[in-house]
Amino acid sequence: MTTAIADRRRLEGPRFKATPASALLVLAIIVVAVIAAFPLAWMILTSLKTPQETMQVPPVWLPGAPNLDAYTQVAEVVSLGRSFLNSAVIALVTTIAIIVTSLMAGYAFAKYEFRYKEALFALLIATMFLPPIVTLIPLYRITGYLGLNGSLAGVIVPNLANAFGIFLMRQFIKGVPDELIEAARVDGASELRVLFQIVAPAVMPAIAALVLFAFVYHWNSYLWPLTVLQGSAEQYPIVISLSRLLSYNRGAMNTGLVMAGATLAVLPPVLLFVILQRFFVDSVVSSGVKG
């Protein structure tokens, strides 16, 4: 009987013991979570308020009669459908390209031996320390020479590869057993098949994390699309289109309008994070274990 109880406790794992230190830790986590979530909650609540409520001092925390009038006005001021489509094209195409190029380059750096491998990888890492503003003018000139300025292609093409993505994939692919890759090669698998059918599933948490990073970054990108599109309003992504709402924000009368637009813009990245949350946590845990 004693042995059975011990086996059951071993399978269940260690039990959580409530101590003053653990209570303080939980309290600190709750406080940090509330602070991090407060701007998002305030944005959503303000978008549901009436103009009069947004002007009250002290501020009204909860809308008395929640309404969607601000969202209707946003649709009248901004071409939401076109802007969301532009953002989706930019973010999705760029993210897919980054995943493919990062996997291929990361696989080469992790599992191949070639001349100047370490020097090339060091040069790649060095590019991560360049501020985006430094590369803005050279990239703008290059897209101009290619005739891509003023189009979504000009926004997408310079971002088809990412140094951080290559670094991340290289670090995770190094942990894939060489024996597994060699066995696939012996069975006659091509290198692309080895990469996408053997290696990619093994590093899926890292891929999910990179998808999240890349999508959120390019969905929220502002300076580069504004520079390349050169006033082509029909090509503007949602982030740039919503900047038009600032001209309607005179005083606090239209604060709800601005908050409604910001809420709509933030929904796709938040939904993507909810979908990929499990993979994202797995990638963090895996990197911590390997480290």
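Sequence order as written defines the numbering, with residues in each chain counted from 1. Residues qualify for local features only when their pLDDT is at least 70, as the model is predicted, and side-chain atom pairs are given and counted only at 80 or more; totals for whole chains, interfaces and linings, by contrast, use all residues. Remark: hydrogens and water are excluded; side-chain values derive from all non-hydrogen atoms of the structure.

1. Quick notes on the pattern of salt bridges
Opposite charge on two side chains lets them pair, provided their charged atoms get close. Here is the rule: We define a salt bridge as a side-chain nitrogen of Lys or Arg found within 4 Å of a carboxyl oxygen belonging to Asp or Glu. Partly exposed describes any residue whose relative accessible area lies between the buried limit of under 20% and the exposed limit of over 50%, with all areas from a 1.4 Å probe on protein chains only and scaled to the type maximum.
Per the stated rule, a full pass over the model turns up 4 salt bridges. Note that Glu113 and Lys117 form a salt bridge whose closest N and O atoms lie 3.4 Å from each other. A salt bridge links Glu191 to Arg185; the shortest N-O distance between them is 2.9 Å. On the basis of relative accessibility, which here comes to 29%, the residue Glu191 falls in the partly exposed class. Judged by relative accessible area, which is 27%, Arg185 ranks as partly exposed. Each of Glu182, Arg185 and Glu191 takes part in a single network of salt bridges with overlapping partners.

2. Some details on unusual backbone geometry
Rules: What counts as a helix is a DSSP run of H or I of at least four residues, what counts as a strand is a run of E of at least two, and both are numbered from the N terminus.
If you check the backbone angles, Tyr116 has positive phi at about 65 degrees while not being a glycine. Note that Tyr116 resides in the loop between helix H5 (80-111) and helix H6 (117-127).

3. Details of helix H4 (residues 69-77)
Note the following rule: Directions pointing from the helix axis toward each C-beta atom define the arc.
When we look at burial in H4, the residues that qualify are Ala70, Tyr71, Val74 and Val77. Viewed end-on, H4 has its buried residues packed into an arc of 120 degrees, placing them on one side of the element.

4. Some points on the side chain of Ser83
For clarity, the threshold we go by: What makes two residues a contact is simply this: any of their non-hydrogen atoms within 4.5 Å.
Note that Ser83 resides in helix H5. Here Ser83 falls in the buried class, since its relative accessible area comes to 3%. In this structure, Ser83 is in contact with Val78, Tyr236, Pro237, Ile238 and Ser241, ignoring residues within four places of it in sequence.

5. Here we look at a nonpolar patch on the surface
What counts here: Patch membership is restricted to residues that have no salt bridge and whose relative accessible area is over 30%. Joining uses 9 Å for like charges and 5 Å for the nonpolar side chains Val, Leu, Ile, Met, Phe, Trp and Tyr. Methods summary: accessible areas were calculated by the Shrake-Rupley approach with a probe of 1.4 Å, and residue burial reflects only the protein chains presented.
A contiguous nonpolar surface patch, about 530 Å² in accessible area, is contributed by Leu130, Ile133, Val134, Tyr222, Leu223 and Leu226. The set of elements that each furnish at least two residues to the nonpolar patch consists of helix H7 (132-145) and helix H13 (223-229). Tracing the backbone through its elements, the reader meets Tyr222 in the loop between helix H12 (204-219) and H13. Judged by relative accessible area, Tyr222 falls into the partly exposed class, the value being 36%.

6. Observations regarding the packing of aromatic side chains
Filter applied, for reference: By convention, a stacked pair of Phe, Tyr or Trp rings (six-membered ring in the case of Trp) has centres within 6.5 Å and planes under 30 degrees apart, an edge-to-face pair has planes over 60 apart, and any other such pair is tilted. Over a ring means this: the NZ of a Lys or the CZ of an Arg is within 6 Å of the ring centre and within 35 degrees of the ring normal.
Counted according to the given criterion, the structure contains 10 aromatic pairs. Aromatic side chains Tyr107 and Tyr112 sit 5.6 Å apart centroid to centroid with 85 degrees between the ring planes, which places their arrangement in the edge-to-face category. Overall, Tyr112 belongs to the partly exposed group, its relative accessible area being 31%. Its end group placed over the ring of Trp42, Lys49 keeps NZ or CZ at 4.0 Å from the ring centre. Seen from the ring of Phe121, Arg170 lies directly overhead, with NZ or CZ sitting 4.2 Å from the centre.

The values reported here are purely geometric and, on their own, carry no functional implication.
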